[in-house]
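# Inside the fold
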Amino acid sequence: MATISRKIRVITGMQDVALTIDDKVLGSEFLLQVVSELGVDDKDWLGLQYSDLSGRWWWLQDNKKVLAQRVRPVADPLIMFLKVKLYPPRPSQLTDTTVQRLVYLQLKAAVEVGELICPAPRNAILSALAGQDSVLKYLETAEELEEYGLWHFIVMRPHDPTPVRLSIGTTGFFITENNRKISFPFSELQGIQANGRKLVLQHIAKSLPDTIFQGSDDAHIKDLHYLAVLHKEYYLVNNAC
């Protein structure tokens, strides 16, 4: 069978990366090629995103072949974006200046569109720092925000049609409801499962029933589950005895 090759252009917010790969290349291998082109050593915080034919965004899966994923079949070149998928707890302490800037650019965009909730006084400070392109000062200020480093999803619970916001960070989950936060620390979870439209949190304590959240569709839950497992693995590695 003939080898299939595709051109891919990766948008980074700095310099774009143009590469050609064949149909045997895995997602993890392609990410390594991209960060090597940028001279990045610390790639663990980064991932690649692309959109499918319906315009839905997906994270490129590490252990699957790139061209066997939901990539657009006729796009030439195929467009992907290098993104921060796991926010460093202390981004100002990163030694890789390219990763520092990638985190800075993504945080800056999140503040500007309101994805990262920021009180007005702190927003004014961040705007001033962004105008000065002061990367380290910006990161030091942004990492103090209550919602720094979180990914948010709108979900529902069984038998309750009221949507709630489910957030994922490096220590676990929490939901925000009526100005009240309920936490589900990774230290108290046995497992995280995706089952169709349901995300299932399995507790270590046998006395607690599974906590179940429902997404809008299977794809929504797959995306949520991907980030949840990624953050839990990071937690386990960094909190090992």
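This report concerns the structure included in the present document. Everything numeric here is computed off the predicted structure, so don't read it as measured data. (Residues numbered from 1 in each chain as written. Predicted model: local features only at pLDDT ≥ 70, side-chain atom pairs only at ≥ 80, totals over all residues. Heavy atoms only, no water.)

## With respect to the overall build of the chain
Formally: In this description a helix means any DSSP run of H or I spanning at least four residues, a strand means any run of E spanning at least two, and both kinds are numbered starting from the N terminus. Computation of the radius of gyration draws on C-alpha atoms, with the globule rule given as 2.2 Å multiplied by the number of residues to the power 0.38. Throughout, a contact is declared for two residues whenever any of their heavy atoms are within 4.5 Å. Computed with a 1.4 Å probe, the accessible areas rest on the Shrake-Rupley method; for each residue, only the protein chains presented here act as cover. Neither His nor the chain ends contribute to the count of charged residues, in which Lys and Arg are positive and Asp and Glu negative. In plain terms, the charge of a residue is placed at NZ if it is Lys, CZ if Arg, CG if Asp and CD if Glu.
Per the secondary structure count, the chain includes five helices and 12 strands. The globule rule puts the C-alpha radius of gyration for 241 residues at 18 Å, and the 19 Å found for the chain is close to it. Projected onto the principal axes, the alpha-carbon positions of the chain cover approximately 55 × 50 × 40 Å. In the chain, of all internal contacts separated by at least 6 residues, the share reaching a separation of at least 24 is 50%. In the structure as shown, the chain presents an accessible area of about 13000 Å², 51% of it carried by carbon and sulfur atoms. Both charge centroids of the chain, one from 26 positive and one from 28 negative side chains, sit 4 Å from each other.

## Remarks on the pattern of salt bridges
Worth spelling out the cut-off: We count a salt bridge whenever a side-chain nitrogen from Lys or Arg sits within 4 Å of a carboxyl oxygen from Asp or Glu. Whether a residue is buried, partly exposed or exposed follows from its accessible area with a 1.4 Å probe, protein chains only, as a fraction of its type maximum: under 20%, in between, or over 50%, in that order.
One pass over the full model with this rule turns up nine salt bridges. With a shortest N-O distance of 2.7 Å, E143 and R90 are connected by a salt bridge. With E143 in the loop between α4 (135-142) and β6 (151-157) and R90 in the loop between β5 (78-84) and α2 (97-112), the pair connects residues that are 53 residues apart, well separated along the chain. Residue classification places R90 among the partly exposed positions, given a relative accessible area of 43%. Notably, a salt bridge pairs D133 with R101, separated by 3.0 Å at the nearest N-O pair. With D133 in the loop between α3 (120-131) and α4 and R101 in helix α2, this residue pair connects regions lying 32 residues apart in the sequence.

## Observations concerning the side chain of Q49
Mapping Q49 onto the fold places it in strand β3 (residues 46-51). Given a relative accessible area of 14%, Q49 falls into the buried group.

## Things to note about the packing of aromatic side chains
Condition: Only Phe, Tyr and Trp rings take part, Trp by its six-membered ring, and two of them pair if their centres are within 6.5 Å. Stacked means planes under 30 degrees apart, edge-to-face means over 60, and tilted covers everything else. Lysine NZ or arginine CZ positioned within 6 Å of the ring centre and within 35 degrees of the ring normal marks a charge as sitting over the ring.
In total, this model carries 10 aromatic pairs according to the counting rule given. Aromatic pair Y104 and Y138: ring centres 5.0 Å apart, planes at 90°, arrangement edge-to-face. With Y104 in helix α2 and Y138 in helix α4, this residue pair connects regions lying 34 residues apart in the sequence. Grouping residues by exposure puts Y104 and Y138 together as buried. Both rings, one in F184 and one in F213, keep their centres 6.0 Å apart while their planes meet at 85°; by these two values the pair is edge-to-face. Of this pair, F184 sits in strand β9 (residues 180-185) while F213 is found in strand β12 (residues 211-214), placing the two residues 29 residues apart along the sequence. By the ring-pair criterion, three or more aromatic residues cluster together here, those being W59, Y87, Y148, W151 and Y226. If you follow R56 out to its NZ or CZ, it ends over the ring of W58, 5.9 Å from the centre.

## As for the sheet that holds strand β2 (residues 17-22)
As a reminder, the rule being used: Pairing between strands is defined by DSSP: at least two bridges between them are needed. The axes are straight lines fitted to the C-alpha atoms, using for helices just the contacting stretch, and the angles between their N-to-C directions are given from 0 to 180°.
If you walk across this open sheet you meet the five strands as β2-β1-β5-β3-β4, and the pairing is mixed. Every interior strand has two partners, whereas the edge strands, β2 and β4 (57-59), have only one. In this sheet, neighbouring strand axes are inclined to one another by 35° on average, regardless of whether the strands run parallel or antiparallel. Each of β1 (5-11), β2, β3 and β5 touches helix α1 (residues 27-38); the most contacted strand, β2, lies at about 150° to it. Its contacts with the sheet put α2 on β3 and β5, and the angle it makes with β5 is roughly 95°.

## A closer look at a nonpolar patch on the surface
What counts, and what does not: Here a patch means residues that are over 30% exposed by relative accessible area and free of salt bridges, tied together within 9 Å if like-charged and within 5 Å if nonpolar (Val, Leu, Ile, Met, Phe, Trp, Tyr).
Taken together, the side chains of W57, I79 and F81 define a hydrophobic patch exposed on the protein surface, amounting to about 250 Å² of accessible area. Within the fold, I79 resides in strand β5.

## A few points about α2
Which entries qualify depends on this criterion: A helix's residues, less one, multiplied by 1.5 Å, set its expected span.
Between its terminal C-alpha atoms α2 stretches 22 Å, which fits the 22 Å expected from 16 residues at 1.5 Å a residue. Along α2, the residues that are buried comprise T98, V99, Q100, L102, V103, Y104, Q106, L107, A110 and V111. Summarising the contacts, the buried residues of α2 are in contact with α1, β3, β5, α3, α4 and β6. Looking at the residues trailing α2, positive phi occurs at G114, about 85°.

## Let's talk about the packing of α3 against α4
For clarity, the threshold we go by: We call two directions roughly parallel when the angle between them is under 35 degrees, roughly antiparallel when it is over 145, roughly perpendicular when it lies between 65 and 115, and oblique otherwise. Here a crossing is taken to be left-handed if its near helix is turned anticlockwise relative to the far helix by less than a right angle, and right-handed if that turn runs clockwise.
Look at α3 against α4: their axes get within 9 Å of each other, and the N-to-C directions meet at 165°. Considering their axes alone, α3 and α4 lie roughly antiparallel with respect to each other. Crossing geometry of α3 relative to α4 is assigned as left-handed. Seen from α3, the contacting residues are R122, I125, L126, L129 and A130; seen from α4, they are K137, Y138, T141 and A142.

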